[in-house]
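Residue-level listing of the chains:
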Amino acid sequence: MHRSFEPQAFGMKNHPQTQEELTMTTLYTAHVHVTGGRDGAAKSSDGKLDLKLAPPAELGGNGAGSNPEQLFAAGYAACFIGAMRLVAGNEKIAVPQGLAIDADVSLGKDAQDHFRLGVVFNIALPGMDKAAADALVAKAHEVCPYSRATRGNIDVTFHVNV
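We now turn to the structure provided with this report.

**Some details on the overall build of the protein chain**
- Helix and strand content of the protein chain: four helices and eight strands.
- Secondary structure elements of the protein chain, listed N to C terminal, follow the sequence β-α-β-β-β-β-α-β-β-α-α-β.
- Put simply, the protein chain has 162 residues, and 25% of those count as buried.
- Carbon together with sulfur atoms contributes 55% to the accessible area of the protein chain, which is approximately 10600 Å² in total.

Below is the structure:
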């Protein structure tokens, strides 16, 4: 199945991508039903995701559930690890067993009072050469679908620890 996105149809500015880059063959589609927004629930069609959503105390909520920033942090970090493994496999580079990401996703406001996200990844690649680890992270950032989707839209910072 091919899908394309026409930014002009939604009144958006043209992005530097070509039409070929905007067309994709769908490999998998996740279906999640959400009610109540930040103070509600989310459940996947297969039932494997079924959780209460609640704003954190820092945003005036009771913190009694997960929030979109936590879900984004988990999804982006998991995808990024997959991208690192893909790049490493293609380049015949060994990835340490201790590979892990501590992901921080921040919600804030910019100078125009618009909500914005920021991401900081603390990436552990224990025992790996620092230059090779930095190169692996940079290449993974080019292929990770979350990185590609957010490029130019949110600040992403990488701290690579070997």
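Moving on, there is more to tell.
**With respect to the layout of surface pockets**
- The space that makes up the second largest pocket amounts to roughly 200 Å³.
- In terms of lining, the second largest pocket is formed by Tyr28, Thr29, Ala30, His31, Val32, Ser44, Ser45, Asp46, Lys48 and Leu49.
- Taken together, the residues of the lining of the second largest pocket sort by class into four nonpolar, four polar and two charged.

**Considerations on the side chain of Glu69**
- Looking at the secondary structure, you find Glu69 in helix α2 (residues 68–90).
- In this structure the side chain of Glu69 is engaged in a polar contact, spanning 2.4 Å, whose partner is the side chain of Arg38.
- Those residues within four positions of Glu69 in sequence are excluded, and the remaining contacts are Arg38, Val105, Leu107 and Leu117.

**Some points on the sheet that holds strand β8 (residues 155–161)**
- Reading across from one edge, β6-β7-β8 is the order of the three strands in this open sheet, with mixed pairing throughout. The open sheet has two free edges, formed respectively by β6 (100–109) and β8, since each of these has just one partner strand. If you compare each strand with its neighbour and ignore which way they point, the axes differ by 15° on average.
- Bridging between β6 and strand β7 (residues 115–124) involves ten bridges; their strand directions are antiparallel. Each residue of the ladder has a partner; that of Leu107, found in β7, is Leu117.

**Brief notes about the packing of aromatic side chains**
- Under the definition given, this model contains eight aromatic pairs.
- Relative to Tyr76, the ring of Phe72 has its centre 5.7 Å away and its plane inclined at 65°; by these criteria the two rings are edge-to-face. Note that Phe72 and Tyr76 are positioned in helix α2 at a spacing of four residues, about one turn of the helix.
- For Phe72, a relative accessible area of 21% puts it in the partly exposed group.
- Taken together, a centroid distance of 5.6 Å and an interplanar angle of 20° make the contact between Tyr76 and Tyr146 stacked.

**Remarks on the sheet that holds strand β5 (residues 50–52)**
- Strands sit in the order β3-β4-β5 across an open sheet of three strands; the sheet is antiparallel. This sheet does not close on itself; its edge strands, each paired only once, are β3 (32–35) and β5. Geometrically, the sheet is characterised by an average inter-axis angle of 10° between neighbouring strands, direction not taken into account.
- Note: strand β4 (residues 41–44) against β5, three bridges, orientation antiparallel. Within β5, the residue paired with Ala42 across the bridge is Leu51.

Calculation rules
- Residues numbered from 1 in each chain as written.
- Predicted model: local features only at pLDDT ≥ 70, side-chain atom pairs only at ≥ 80, totals over all residues.
- Heavy atoms only, no water.
- Helix = DSSP H or I, 4+ residues; strand = E, 2+ residues; numbered from the N terminus.
- Buried < 20%, exposed > 50% of the residue type's maximum accessible area, 1.4 Å probe, protein only.
- Areas by Shrake-Rupley, 256 points an atom, 1.4 Å probe, with all protein chains shown as cover.
- 1 Å grid on protein atoms, 1.4 Å probe; cavity = no way out; pocket = protein on both sides within 12 Å on 5 of 7 lines; lining within 4 Å.
- Points joined across faces, edges and corners; volume = space filled by probe spheres on them.
- Nonpolar A, V, L, I, M, F, W, Y, C, P; charged D, E, K, R; others polar.
- Polar contact = N/O pair within 3.5 Å; in protein donor to acceptor, adjacent residues only side chain to side chain.
- Contact = heavy atoms within 4.5 Å.
- Pairing = 2+ DSSP bridges.
- Axes fitted to C-alpha atoms, helices over the stretch in contact; angles between N-to-C directions.
- Phe/Tyr/Trp six-rings, centres within 6.5 Å; stacked < 30°, edge-to-face > 60°.

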